[in-house]
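# Chain and residue survey
These are the residues of each chain, in order.
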Amino acid sequence: MKMSYALFVLLLWVISLQSNAQEYFQQEVKYNIKVSLDDVNHTLSAFEEIEYYNNSPGDLEFIWFHIWPNAYDNNNTALGKQKIAFSGKRKHMNDEEQRGRIDSLDFRSYGNSLRWEYHENHIDICKVFLNEPLKTGSAVVITTPFFVKLPKGNISRLGHVDQSYQVTQWFPKPAVYDNKGWHCFPYLDYGEFYYEYGSFDVSITVPDNYYVAATGILQNEEEKGSILQKAEETAAVTKYDKDDNVFPPSNPERKTLRFKEENIHDFAWFADKRFHIMKGEVKLPHSGRAVTTWAYFLNNEAHLWERSIEYINDAIYYYSLWYGDYPYDNCTAVHSSGSSGGGMEYPQITLIGNSSTAMSLEMVIMHEVGHNWFYGLLGSNEREHPWMDEGVNTFSEIRYFNTKYPDNRLYKMLSEKENPGRILGIEELKYHNMHRIYYLINARSGNDQPASLRSEDYTRGNYAGVVYSKAGISMYYLMLALGEEKFNKCMQAYFEKWKYRHPYPEDLRKIFQEETGQDQAWFFDDLMGSTKKLDYKVSRFKDGKVLVKNKGKIDSPVLLYGIRDEKASLEKVVPGFSGKQWISLEGDKPEKFAFDAEGFTPDLYPKNNIVRTSGVFRKSGPPEVNALGLIEKPGRTSLNILPVAGWNYYNGFMAGGLIYSNLLPLPRFEYQLMPFYSFGSGDLAGMGKLRYNLLPESNTFRMITPYVAAKQFAVTEESGQYFQVMKAGVEIRFRHRNEVKPVENVLRTEYIRATDIEEIGLGWGFRDFYRIGFDHSNSRKACPWSVNMLLEGSGDYLKSILEANYRYVYIYRNSLDVRFYGGAFVYRKDGLSPLYDFSLSGTPGLGDYTYDYLYLARFEDPASKLAVSNQFVPDQGGFGVNSIKSAGKWLTAMNVSSSFPVPKNIPVQIYFN
C-alpha cells in the first residue's frame with residue numbers, strides 16, 4: 001500500500017510537471033546599448049546591458065545567446081556552408097576583407113564575471129552560465145562590451161558597402177526560451193529570426209554628416225530638425241542625378257543619436273551620408289491615430305522612390321484594416337544599393353535593395369512593411385515555421401495588389417511600359433499567378449515539399465515556391481472558402497490574442513476552429529502539412545448542373561465560378577468531396593463554369609478547371625497560336641511556334657519551325673516537334689519528342705514519364721539518303737530521404753529502332769537496340785558529381801557501361817573536372833562489326849549507331865573535311881582528338897580538364913585538357 005501510494009503521488013507530480021510545461025509563458029529582455037561606428041575601419045565598438053526576466057515556471061542556470069556576426073567569420077560556419085551549397089562560391093568568407101566577426105566579449109553580472117562557452121558546433125552561438133540560478137519571477141542584469149568587424153555587404157544582411165552601413169543582427173541577444181525549450185540556432189541566409197520581446201534604449205555615435213535610420217523613436221531634438229530640413233530639401237528636388245553616388249568625406253565632428261522603443265524584439269539601424277529623405281503620414285482605419293512614415297533613398301533609384309511614401313502608407317493602412325492597427329509611431333523604408341537581398345524586415349524599419357520597376361519596388365516595400373505584423377507583432381518562430389510569417393505575408397501581398405489594383409498585370413513587374421505587347425505568354429496574367437506558377441514548377445515534377453517544415457529543410461526552390469507562394473495562395477483559397485468577412489474576423493482575433501507574443505501553428509489553427517466551428521483540416525493538414533495534390537476537374541454541364549471530379553488527394557471546398565464576358569463571379573461554395581459530384585446551380589446560364597477561375601488555389605492542373613456551356617470546344621476552348629510562348633494559361637489551348645533554321649553537310653541549309661508545349665510549369669503532356677525542309681537534299685528532315693508526366697504520389701516514386709521520340713536527317717549529299725531513328729522509353733524518378741540535397745535517382749528503359757549504320761547508302765535495313773540504365777547524381781553547386789550505369793544490347797551483343805563525373809569548383813567558379821569511363825562486353829557475337837565496339841574518340845559519327853547526337857558531317861573523313869568533321873562529343877573514351885581506334889572487349893578511360901583558379905575578371909583564362 002505504501003509503495004502504491006508513493007507511485008500514485010509520483011505520477012501526479014509528473015503529470016503536474018507535464019501540464020506546467022505546456023502552459024504558455026514568455027520571457028522579457030530590456031536592452032541598453034551604446035555603440036560607436038568607425039567608418040574608416042568599418043567596425044563597431046559597443047557596450048551592452050540587458051535585464052533578463054525569467055517568467056518560466058522553472059529556475060535557469062544559463063542563458064543561450066546569439067552572437068551572429070561570427071557567422072561571417074569563415075566558410076565553415078552554418079552561413080558559410082549554406083552560401084557554398086546554394087551558390088557554389090567559396091569566395092564569400094575567403095578573404096579577410098570580406099569577413100566579419102564579434103569579439104571582446106566579457107559577460108558580467110553585477111560586476112562579477114560569468115563563465116561562458118561557444119556552442120559545440122557553432123561559433124555564432126554561446127552559452128552564458130549564471131553564478132546562481134535565476135529564480136522564476138526574477139530578473140538578472142548582464143553586461144558585456146563587444147567589438148564587431150563588419151563584413152562586406154554583399155554576403156548577407158549585416159555589412160557595409162564602402163561607407164554605407166547595414167547594421168542588423170549585430171549585438172549579443174538571448175535566444176527564446178518558451179514552453180518547448182530553448183530556441184538557439186546559427187545565423188542563415190534562408191530562415192530568419194525568433195527573439196524575446198522587450199524594450200530597447202540604443203545610443204549610436206557616428207560622424208556628424210551621417211543620416212541614421214533606425215528602429216524606435218529618435219530622442220534628439222536637434223537631429224529631428226536636421227532630418228526635417230533634409231526632407232524639405234528632398235521635396236524640392238525636381239530631378240535626381242542617378243549617376244552621382246559618391247560618398248562625401250566624413251566630418252571629424254561626431255554625434256550621438258538615441259533611439260528608444262517598447263514591445264519589440266529586435267533593433268536595426270542603417271547609416272549613409274548620401275540619403276534623401278521623404279516624410280509622410282497615414283491615419284489608421286480603426287483608431288484614426290496618425291503614424292509618421294519615412295523613406296530614405298539614394299540617387300541611383302530615386303526616380304522609383306518618388307511614390308515610396310504612398311507604398312508605405314498603403315501597406316500600413318491595409319494591414320491595419322484587415323488585421324489590427326499598427327501600434328507604433330513610426331515606420332521607415334530604407335534603400336541600399338548594396339543590399340544582398342530584395343528586402344529585409346526589422347521592427348518598424350525595412351531595408352530595400354535595388355528594383356527594376358515601380359511595381360516591383362512597391363511589392364517589396366509593402367511586403368516588408370507588412371512583416372511588422374507577421375514577424376514583428378505576431379512573433380512566430382521563423383526558423384521552425386517560416387510559412388507563418390512569409391506565407392501569411394505573401395497572401396497579404398496578393399490581397400493588397402488585388403485590392404489596390406483590381407486589373408493588375410504581372411508584366412508590370414518586368415516592364416515599365418503600359419502596353420509592352422506579348423511577353424512570353426504572361427501579358428494577360430495577374431500578379432498572383434506568379435506565386436501559383438512558382439509553386440507548380442516543383443509540384444508538377446513531384447519535387448515540392450510540405451509547407452510545415454523548418455526553413456533549413458527546404459531546397460532553395462521550395463523555400464520560395466512553398467513557404468512563400470503555396471502558403472500564400474492557399475491562404476487566399478481559405479479566405480475565399482470562408483468568405484472575406486469571416487476570414488477577417490479570424491485573423492483579427494488571432495492578432496488581438498497573440499500580438500507581442502509567440503504563436504505556433506496550432507494557436508492559429510485553434511483561432512480558426514473557434515471562430516468558424518470547423519477544423520479546417522483540408523488547409524492545415526493537407527495543404528500546409530503534406531505534399532498531397534489538389535486537382536479538381538470540371539467535367540460536364542447539363543440541365544443546370546455541373547459535374548465536378550476530384551482527381552487529387554485533398555477534399556477541399558469547391559469554388560464554382562460563372563464566367564460572363566470574361567468576368568468571373570463566385571456562384572457557389574461546396575464542401576469538399578472525393579470522387580465526383582453533380583452541383584446544382586440557379587440563375588442565368590453563363591458562358592463557362594470554372595473551379596478557381598482566376599488561379600487563387602494551388603490546383604495542380606488548372607487547364608481542366610473550365611467547361612463551356614455551349615460551343616464546339618467545351619473543355620479546352622479554341623486553340624490559340626503564340627509566336628513565343630512560355631507560361632501555361634488556364635482555360636486556353638496554346639500552340640507555340642518559333643521559326644528555326646539549321647545546317648549540316650548533307651542537308652545543307654534547313655528552314656522550319658519549332659512547335660512546342662508551354663514550358664512553365666511542366667505540363668502533363670509535353671511535346672517538341674521540329675520539322676525542316678532541307679534545301680540541300682530537297683527533302684524533309686527534323687526531330688520530335690512526346691512525353692507524358694505521371695505523379696504517382698508515392699513514397700518510392702516521384703515521377704514516371706513514358707516518352708517517344710524520332711529523328712531524321714540526310715546522310716549523303718544525294719536526295720533520299722537519310723537515317724531514321726525512333727525511340728520509346730520510360731523514365732522513373734525516385735524519391736530520396738534528404739530532399740534538401742539536390743540528389744536525383746533515375747531508372748531508364750529504352751527501345752530504339754534505328755537505320756542500320758552498316759547499310760547506310762546500301763539499303764533501308766533497321767536494327768533494334770534495348771537499354772536499361774540507372775543514373776545517380778548530386779547537383780550541388782560546390783562539387784557536383786554523378787554516376788551513370790547502362791546495359792545496352794542488340795541481337796548479337798550486350799554491353800555494360802559505367803561513367804562517373806566529378807567537378808571540384810574553385811573559389812571563383814573555375815573548376816577541375818574529372819571523368820571516368822569503363823565499359824565491357826558481357827556478350828559479343830563473333831563477326832560483330834567494329835562499328836559497335838567501344839570508341840576511343842567521340843568524333844566519328846559511325847560510332848554513334850543509335851544517333852544520339854547531332855553531327856555537322858557525320859560520315860566524313862576528319863582529315864579531308866577538317867572544318868566540319870572534327871566535332872568532339874565527350875562519350876566513351878572521350879579523347880579530344882580524332883582516333884579510329886576501338887576496343888572489342890573492354891575500355892577504360894579517365895579524362896581530366898581544368899581552368900586554373902584565378903579571379904574570373906582576368907580576361908585570359910588558362911585551361912588544360
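Small disclaimer: the values here were computed from a predicted structure and weren't measured.

For the rest of this paragraph, the subject is a nonpolar patch on the surface. Together, Met-789, Leu-802, Phe-820, Met-894, Val-896, Phe-900, Ile-910 and Phe-912 give the surface a local cluster of nonpolar side chains, amounting to about 690 Å² of exposed area. With respect to the helices and strands, the residue Met-789 is situated in strand S41 (residues 785-794). You can call Met-789 partly exposed: its relative accessible area is 42%.

Residue-level pLDDT values for the protein average 90, and 94% of them are 70 or greater. Confidence drops under pLDDT 50 across residues 1-21; counting only partners more than four residues distant or on other chains, this segment forms two contacts.

Right, let's get into the sheet that holds strand S31 (residues 610-612). Strand order in the open sheet formed by four strands is S28-S27-S30-S31, with antiparallel pairing between adjacent strands. Each edge of the open sheet carries a strand with a single partner, namely strand S28 (567-574) and S31. Each neighbouring strand pair of the sheet contributes to a mean axis angle of 25 degrees, computed without reference to strand direction. Sitting on the sheet, helix H9 (residues 460-482) touches strand S27 (558-564), S28 and strand S30 (592-595), and the angle it makes with S27 is about 80 degrees.

Below, the discussion takes up the environment of Arg-436. Its place among the elements puts Arg-436 in helix H8 (residues 433-443). Exposure remark for Arg-436: the relative accessible area of 1% places this residue in the buried category. Note: C-alpha distance between Arg-436 and Asp-603 (167 residues apart in sequence) is 8.5 Å. When neighbours within four sequence positions are excluded, Arg-436 is seen to be in contact with Ile-473, Gly-599, Thr-601, Pro-606, Glu-632 and Pro-634.

Another point: the nonpolar core. Of all hydrophobic cores here, the largest spans 177 residues; its most connected members are Trp-170, Phe-267, Trp-269, Ile-316 and Met-491. Among the elements that line this core, the one with the most residues is H9, at 12 residues. Here Trp-170 is in contact with Ile-33, Val-35, Leu-44, Pro-69, Ile-102, Phe-146, Val-148, Leu-158, Val-202, Phe-267 and Trp-269, once residues within four sequence places are set aside. Counting residues in hydrophobic clusters, the runner-up holds 27 residues, among them Leu-658, Phe-713, Val-715 and Ile-760.

Moving on to the packing of aromatic side chains. Taken as a whole and assessed by the stated rule, the structure comprises 77 aromatic pairs. Consider the rings of Phe-193 and Tyr-346, whose centres lie 6.4 Å apart with planes at 20 degrees: the pair is stacked. Here the residue Phe-193 occupies a position in the loop between strand S14 (181-183) and strand S15 (198-207), and Tyr-346 occupies one in strand S23 (residues 343-346), the gap between them amounting to 153 residues. Ring centres of Phe-270 and Tyr-346 lie 6.2 Å apart, and the angle between their planes is 55 degrees; this geometry places the pair in the tilted category. Of this pair, Phe-270 sits in strand S19 (residues 269-272) while Tyr-346 is found in strand S23, placing the two residues 76 residues apart along the sequence. Exposure remark for Phe-270: the relative accessible area of 1% places this residue in the buried category. The lysine or arginine in question, Arg-501, covers the ring of Trp-498, its NZ or CZ lying 4.3 Å from the ring centre.

Next up on the list: the packing of helix H4 (residues 308-322) against helix H5 (residues 358-370). Their axes nearest at 9 Å, the elements H4 and H5 cross at an angle of 40 degrees. Classified by the angle between their axes, H4 and H5 sit oblique to one another. As H4 runs across H5, the sense of the crossing is right-handed. Two secondary-structure elements touch here, H4 through Ser-308, Tyr-311, Ile-312, Ala-315, Ile-316 and Tyr-319 and H5 through Ala-358, Leu-361, Glu-362, Ile-365, Met-366, Val-369 and Gly-370. Considered class by class, the residues forming the contact of H4 with H5 number 10 nonpolar, two polar and one charged.

This paragraph deals with a positive patch on the surface. A contiguous patch of positive charge on the surface is contributed by Arg-540, Lys-542, Lys-580 and Lys-619. Residue Lys-619 is classed as partly exposed on the basis of its relative accessible area, which comes to 40%.

As a further point, take the sheet that holds S19. The strand order across the open sheet built from four strands is S10-S11-S19-S16, with neighbouring strands paired in antiparallel fashion. Looking at the sheet topology across the chains shown, the edges are occupied by strand S10 (159-161) and strand S16 (211-214). The average undirected angle you get between the axes of adjacent strands in this sheet is 10 degrees. Where S16 meets S19, four bridges bridge the pair, whose relative direction is antiparallel.

By the element assignment, Asn-408 lies in the loop between helix H7 (390-404) and H8. Filtering out sequence-adjacent residues up to four positions away, Asn-408 remains in contact with Phe-401, Asn-402, Leu-429, Lys-430 and Tyr-431.

All right, on to the pattern of salt bridges then. Tallied over the entire structure, the rule returns 52 salt bridges. For the salt bridge of Glu-97 with Lys-152, the shortest nitrogen-to-oxygen distance reads 3.4 Å. One end of the pair, Glu-97, is in the loop between helix H2 (78-87) and strand S4 (101-103); the other, Lys-152, is in the loop between strand S9 (139-149) and S10, and 55 residues separate them in sequence. The exposure class of Glu-97 is exposed, given its relative accessible area of 55%. The partner of Arg-771 in a salt bridge is Asp-852, with the nearest N and O atoms 2.9 Å apart.

Further remarks concern the environment of Asp-775. If you trace the backbone, Asp-775 turns up in strand S40 (residues 766-778). Sequence separation of Asp-775 and Ala-804 is 29 residues, and the distance between their C-alpha atoms is 9.8 Å. With residues near it in sequence (within four places) discarded, Asp-775 still touches Glu-744, Asn-745, Val-746, Arg-748, Val-787, Asn-788 and Met-789. Among the polar contacts made by the side chain of Asp-775, one reaches the side chain of Asn-788 at a distance of 3.2 Å.

This paragraph deals with unusual backbone geometry. One can expect most non-glycine residues to show negative phi and most peptide bonds to be in trans. Put simply, Leu-664 and Pro-665 share a cis peptide bond, and its omega is -15 degrees. By the element assignment, Pro-665 lies in the loop between strand S34 (652-660) and strand S35 (669-678). Positive phi, normally seen in glycine, also occurs at Asp-162, with a value near 55 degrees. Structurally, Asp-162 is set in the loop between S10 and strand S11 (164-167). Positive phi, close to 50 degrees, is recorded for Asp-543, a residue that is not glycine.

Of all 10 residues in H2, eight are buried; the element is thus mostly enclosed. The complete set of buried residues in H2 reads Ala-78, Leu-79, Gly-80, Gln-82, Lys-83, Ile-84, Phe-86 and Ser-87. Contact partners of the buried residues in H2: H9. Positive phi shows up at Gly-88, right after H2, with a value of about 80 degrees.

Once that is clear, we can look at the packing of H9 against helix H10 (residues 484-498). Contact geometry of H9 with H10 gives a least axis separation of 6 Å together with a crossing angle of 120 degrees. The angle between the axes of H9 and H10 places the two elements in the oblique class. The residues of H10 that touch H9, namely those facing Met-475, Leu-478, Met-479 and Leu-482, are Glu-484, Lys-486, Phe-487 and Met-491. Class assignment for the residues of the contact of H9 with H10 results in six nonpolar, no polar and two charged.

Conventions we followed
Residues numbered from 1 in each chain as written. Predicted model: local features only at pLDDT ≥ 70, side-chain atom pairs only at ≥ 80, totals over all residues. Heavy atoms only, no water. Patch = residues over 30% accessible without salt bridge, like charges linked within 9 Å, V, L, I, M, F, W, Y side chains within 5 Å. Areas by Shrake-Rupley, 256 points an atom, 1.4 Å probe, with all protein chains shown as cover. Salt bridge = Lys/Arg side-chain N within 4 Å of Asp/Glu carboxyl O. Helix = DSSP H or I, 4+ residues; strand = E, 2+ residues; numbered from the N terminus. Buried < 20%, exposed > 50% of the residue type's maximum accessible area, 1.4 Å probe, protein only. pLDDT = per-residue confidence, 0-100. Contact = heavy atoms within 4.5 Å. Pairing = 2+ DSSP bridges. Axes fitted to C-alpha atoms, helices over the stretch in contact; angles between N-to-C directions. Core = buried A, V, L, I, M, F, W, Y, C linked by side-chain atoms within 4.5 Å. Phe/Tyr/Trp six-rings, centres within 6.5 Å; stacked < 30°, edge-to-face > 60°. Lys NZ or Arg CZ within 6 Å of the ring centre and 35° of its normal. Parallel < 35°, antiparallel > 145°, perpendicular 65-115°, else oblique. Left-handed = near helix turned anticlockwise from the far one by under 90°. Nonpolar A, V, L, I, M, F, W, Y, C, P; charged D, E, K, R; others polar. Lys, Arg positive; Asp, Glu negative; His and termini not counted. Charge placed at Lys NZ, Arg CZ, Asp CG, Glu CD. Polar contact = N/O pair within 3.5 Å; in protein donor to acceptor, adjacent residues only side chain to side chain.

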